[in-house]
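Residue-level listing of the chains:
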Amino acid sequence: MTPLPTGSATHPGTDIAAPRLAKKKFLHDAAEHVRDTGHRAFVRKALGGYYTTRDAQKARYRDYEQARDAASLAKWSAVNRLDELLPRFAENFTANGGQVHWARDAAEAREIVLGLLRGARAKAVIKSKCMTSEEIHLNQAMEADGYGVVESDLGEFIQQLRGEPPYHFVFPCMHVRRDEISDLFQKHLGSPPTSEPEELTMIARRHMRRLYVEADVGITGANFLVAETGQISITENEGNARLTAGLPRVHIAIAGIEKVVDRLDDLAVLLPMLATAGTGQPLTCYNTLYSGPRRAGECDGPEEMHVVLLDNRRTEILADPEQRDSLHCIRCGACLNVCPIFKNVGGFTYGTTYQGPIGSVITPHLRGLADWNHLSGASSLCGACTDACPVRIDIHHHLLHNRRNAARTAPGRFERLGHRLFVAAASRPWLFAAGGWWFRKSLGLLKALRPPLLKAWLATRDLPPAPPHSFRSQWRRR
Amino acid sequence: MSSTRMGDARETILARVREALRLPAPPPHLQSPALDPAPTGSLPVLPLEAARPWLPDGGDSPEESRRILGENLARLKAELHHVADAAAAAAFLADLARGRNWKRVATHGHPLVATAAATLACDTERVDAGPFDKDALEACDAGVTSCEVLVAQTGSVLVSSATCGGRALSVLPHVHVVVATADQVVPTLGDALHAVRERHAGRLPSMLSFITGPSRTGDIERILVLGAHGPKELIVLLVG
Amino acid sequence: MRIDLFIPCFVDQMAPRVGMAVASVLERLGHTCEFRPAQTCCGQPSFNAGYWDEARAVAIRTVGVFAGTEAVVGPSGSCVAMLRVFYPQLLAGTPHETAALDLAARTFEFGEFLVKKLGVTDVGARFPHRVTYHDGCHGLRELRVKEEPRMLLKAVRDLELVECDEPESCCGFGGLFSVKYPMISTAMAEVKGGSLARTDCDYIVSSDPSCQLQLDGWLSRQGKKPRTIHLAEVLAGTDA
Ligand code: SF4
């Protein structure tokens, strides 16, 4: 197997040694990214087709808004009955011949997977796209233990060769230009240069084929865990997950505990909604349910199948009824696709496994509010994400809730004082009017003095001169 | 990891879950007044039947379902061919193999598939006749399979590991040919799930896969390319 | 109808002409306008910054100021959303909850009020210019006002309405966000302002003075031609 550079070792952002620096780094990276207008235009263009395709597919629903209700309700009733459904899934999956493993945190999950690899005497591991494995930095751990790991999803493979984490949790390498990919393949795979996406895809396809056949262990994620039948559901387009779960001797799937749904029938709503919101497809190319290892009478399939159920602070979100719905997330990526912040600062600036609006909501829960609240602040609260979400998560209002929780638990001292003074003035009309008068009269002077916040405004934007009279005085005189 | 630590983890997680759920969540933000939880105080658990009229149409009659299936397959860049009977399917497949100069075609023991592949002039590889060689399957030009059902609503082919030649046959060869009868078309995904449950009562196959068009990727500059890792072409032969 | 003007603090100090235009349109339609000088700020800056306890004091006060009104109309989608959507949340579980819900039910954004409440689309205005409309996010997504301003504009004599290619994108203002994250805010202004300017219009019509501040600030700095104008100012224009 071709030795590959370790993708995870150099994760920019996902492994900030001193998390206190997260905000500083965010501001720095955002400013840097914003200056790169060429890159911003490239990302906008790449996402440009999304709206058209998605809207065309939405129009084929007889009532898309009600279908969103149905999807939302399916997830609501599952997440709020996790105590009942998780054990039921585990029991049914075990009855199907699979093995369930429980991981309280990332370290435990890594240890479980490494244990399984040792038990299987694995030599080569093939992976299909799995964001939970990014979350627990699994590749790093496997490589440290000497396992060769290859990401089979084209985008993830490109990111692995580049030594970068995914830029977008559904479109991992959407920020990379085709000529960069051509150079990358030339360097690592010895392929001839080309500017055709088709040819580049075929280079990866040819490279990967042998690896599927040779791998002893396949690692995948799971989009849904069906409690009723003990099946896991995997959504993909390329067929790499089918091959990863079909050819190796052992199949390991890693999934967050919030992925459980009650009934198999729920998928008849959730699968099309996931595809439509995520990429504008009626269904993604492969939606596959696995209930365990190969059964007697079946001609192929793994001898062992394992599911690792990961908590890793998901129960912290569960314990917050107000934001519990953020566990409804089916990771379709729609909220990223429509987010003006994501499009302007790019995926890496977040410094998180889950980028975009939903990442800004959940990361403070997963990794600490004090260090990650700036992500909730970095939003104009435009609400495009909430409108796009197929399961109706109240995304942008949760950003507001995070800001409130942060102001309560760790208020900025000067900031709180500022708001208290403002409120004190707003409670006294005469004082407020006087303050307004003073503001209008001294605006010219303020513009010249440039105190910090005004300076930030004036750096890129003009401010009109103040009118001579306020509305209230004009009204009085009328 | 020792089994006790495993047990601990299970118990800890479930205890955390139970503790977390002690405070009830507000009802979801729904738009449809039909789902308003207020009158009963508790949320309806929505049966799939209730959601059916909101999802894309799968047709109310077999003719309509077949028409919708055809439209969807065309949009997905899959091929659909209607053939009169099993003999016609075999003739079509033989022509296809000759025209494409296929050297080796993989099949399995389903009667419909066996008949369709009976007159192939090239080599064939049966995957369900005993352990098969993965490399040999990978080298096949095409895989011919049956399916459980075809779904009009989404243009999907549902294959299972139990009846459609296992897991790899429908995804490893470069072209996937599906042979199905017209009465296998069902309107919706819900109907498809219902059908497999009836057929495999109490014992679902280890894999069920909804295949919706040929394998694809948009990973490079979001430009659509067919045949990422799975088949580049999906050809459906509908008999009858 | 007796209408109480809800003049956000920013309009009071920086854009009094907008408040006057609102009154002139409503009075031209035969309604009486009142302004309660006890009103100050709706508390949105503190609310959005997370200082809900501080904002709550202002909310309680504002609910009291507008007690006994028949209809409260404001020329800012954002501040109206604060009263209508966020006050009930902020005051939930307090003795002021019912009063907040009552106020929410009779508070309207200007354009929405004309169309939905008064049932008027033609207010007898003339504005001989090519314009485009900028949807403020709070109006669009918290209040679901999208068609109303367009209906009003289409009824204005000699006005040509064109749409930009990013109609639902945010201008990037976001209150304190615009100065706490100025680089992101400016990048958003570039996208939206650029799209609006490409329509080659004379004016960008808006229902939110805060979006106007952002867009004008950026357009003026860039030396680009169009400037914003509030919907009320357009509707206040007549031949006379
Ligand atoms: S929050 Fe909603 S829109 Fe965003 S990824 Fe999750 S499901 Fe999709």
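Residues numbered from 1 in each chain as written. Chains lettered and ligands numbered in written order. Predicted model: local features only at pLDDT ≥ 70, side-chain atom pairs only at ≥ 80, totals over all residues. Heavy atoms only, no water.

J.: An account of the overall build of chain B is requested, with residue identities and associated values reported.
T.: Secondary structure summary: chain B contains seven helices and 12 strands in total. For 240 residues, the compact-globule estimate of 2.2 N^0.38 gives 18 Å, and the C-alpha radius of gyration of chain B, at 22 Å, exceeds that figure by more than 25%. Each of the three principal axes of chain B carries a C-alpha extent, and together these read 70 × 55 × 45 Å. Of all 240 residues assigned to chain B, the portion counted as buried reaches 55%. Counting only contacts in chain B whose residues sit at least 6 apart along the sequence, the fraction spanning at least 24 positions is 69%. About 9,800 Å² of surface is accessible on chain B, with carbon and sulfur atoms providing 54% of the total. Between the averaged position of the 23 positive side-chain charges in chain B and that of its 27 negative side-chain charges there is a distance of 5 Å. (Helix = DSSP H or I, 4+ residues; strand = E, 2+ residues; numbered from the N terminus. Rg over C-alpha atoms; globule rule 2.2 N^0.38 Å. Buried < 20%, exposed > 50% of the residue type's maximum accessible area, 1.4 Å probe, protein only. Contact = heavy atoms within 4.5 Å. Areas by Shrake-Rupley, 256 points an atom, 1.4 Å probe, with all protein chains shown as cover. Lys, Arg positive; Asp, Glu negative; His and termini not counted. Charge placed at Lys NZ, Arg CZ, Asp CG, Glu CD.)

J.: Which residues make up helix α19 (residues 395–409) of chain A, and what values do they have?
T.: Helix length check: α19 of chain A (15 residues) gives 21 Å between terminal C-alpha atoms against 21 Å at 1.5 Å per residue, within 8%. Summarising burial for α19 of chain A: 13 of the 15 residues are buried, a large majority. (Expected span 1.5 Å × (residues − 1).)

J.: Pulling in residues and values, what's your account of the packing of aromatic side chains?
T.: The tally for this structure, following the rule as stated, stands at 21 aromatic pairs over all chains. Relative to Tyr354 of chain A, the ring of Phe169 of chain A has its centre 6.2 Å away and its plane inclined at 70°; by these criteria the two rings are edge-to-face. Residue Phe169 of chain A is located in the loop between α8 (154–162) and α9 (178–189), and its partner Tyr354 of chain A is located in the loop between α15 (340–345) and α16 (356–367); the two are separated by 185 residues in the primary sequence. Connected via pairs of aromatic rings, a cluster forms that spans Phe26, Tyr167, Phe342, Phe348 and Tyr350 of chain A together with Phe177 and Tyr181 of chain C. One residue, Arg478 of chain A, lies across the ring of Trp475 of chain A, its end atom 3.9 Å from the ring centre. (Phe/Tyr/Trp six-rings, centres within 6.5 Å; stacked < 30°, edge-to-face > 60°. Lys NZ or Arg CZ within 6 Å of the ring centre and 35° of its normal.)

J.: How would you sum up the pairing of strand β12 (residues 233–239) of chain B? Please name residues and give values.
T.: Residues in a regular strand point their side chains to alternate faces of the sheet. Residues and elements named next belong to chain B. Across the seven residues that make up β12, a large majority, six, are buried. Here strand β1 (residues 79–83) pairs with β12 via five bridges, running parallel. In the sheet register, Leu80 faces β12, and the bridge partner there is Val236. In the sheet, strand β7 (residues 175–181) pairs with β12 via seven bridges, with the strands oriented parallel. The partner of Val178 across the bridge, within β12, is Val236. (Pairing = 2+ DSSP bridges.)

J.: Explain the sheet that holds strand β8 (residues 227–230) of chain C residue by residue, including any values.
T.: Residue and element names in this part refer to chain C. Strands sit in the order β6-β5-β7-β8 across an open sheet of four strands; the sheet is parallel. At either margin of the open sheet sits one strand with a lone partner, and together these are β6 (160–162) and β8. With direction set aside, neighbouring strand axes in the sheet form an average angle of 40°. With four bridges connecting them, strand β7 (residues 203–206) and β8 associate as parallel partners. Pairing of Ser206 across the sheet is with His230, part of β8. Contacts between helix α12 (residues 209–222) and the sheet are confined to β5 (130–134), β7 and β8, with β8 contributing the most and set at about 165° to the helix. (Axes fitted to C-alpha atoms, helices over the stretch in contact; angles between N-to-C directions.)

J.: Which residues make up the sheet that holds β1 of chain B, and what values do they have?
T.: All names here are of chain B. Taken in spatial order, the six strands make up an open sheet running β1-β12-β7-β4-β2-β3, and their pairing is parallel. Two strands in the sheet have a free side with no partner beyond their single neighbour: β1 and β3 (123–126). Neighbour-to-neighbour, the strand axes of the sheet open up by a mean angle of 20°, direction not taken into account. As paired elements, strand β4 (residues 142–145) and β7 share four bridges and run parallel to each other. Of the residues in β7, the one forming a bridge with Thr145 is Val178. The strands touched by helix α4 (residues 86–100) within the sheet are β1, β4, β7 and β12, with β12 carrying the most contacts at an inclination of about 155°.

J.: Describe the interface of chain B and chain A, naming the residues involved and giving the relevant values.
T.: Each partner contributes to the interface: chain B provides 91 residues, whereas chain A provides 106 residues. Looking only at chain B, the three residues that lose the most surface to chain A are Arg167, Ile220 and His229 of chain B, adding up to 10% of its buried area. Put simply, chain B and chain A have eight salt bridges between them. Put simply, Lys232 of chain B and Glu198 of chain A hold a salt bridge, and the shortest N to O gap is 2.7 Å. Among the secondary structure elements, those contributing two or more residues to the side of chain B that touches chain A are α1 (3–20), α2 (48–51), α6 (134–138), β6 (156–160), α7 (189–199), β9 (207–211), β10 (216–217) and β11 (225–226) of chain B. In terms of residues, the side of chain B that touches chain A owes the most to one element, α1 of chain B, which gives 12 residues. (Buried area = accessible area lost by both parts, 1.4 Å probe. Salt bridge = Lys/Arg side-chain N within 4 Å of Asp/Glu carboxyl O.)

J.: Report on the interface of chain A and chain C, specifying residues and quantitative values.
T.: Facing the 69 residues of chain A at the interface are 64 residues of chain C. With both sides pooled, the region where chain A packs onto chain C buries about 5,600 Å², and carbon together with sulfur makes up 62% of that total. Of all residues in chain A, the largest losses of buried area upon contact with chain C belong to Arg461, Phe471 and Arg472 of chain A, amounting jointly to 13% of the total for that side. Between chain A and chain C we count 10 salt bridges in total. One salt bridge connects Glu27 of chain C with Arg478 of chain A, and the closest N-O pair in it is separated by 2.5 Å. Where chain A packs against chain C, one counts 34 residue pairs in polar contact (both at pLDDT 80 or more). Of the residues contributing to the side of chain A that touches chain C, the split by class is 36 nonpolar, 18 polar and 15 charged. (Polar contact = N/O pair within 3.5 Å; in protein donor to acceptor, adjacent residues only side chain to side chain. Nonpolar A, V, L, I, M, F, W, Y, C, P; charged D, E, K, R; others polar.)

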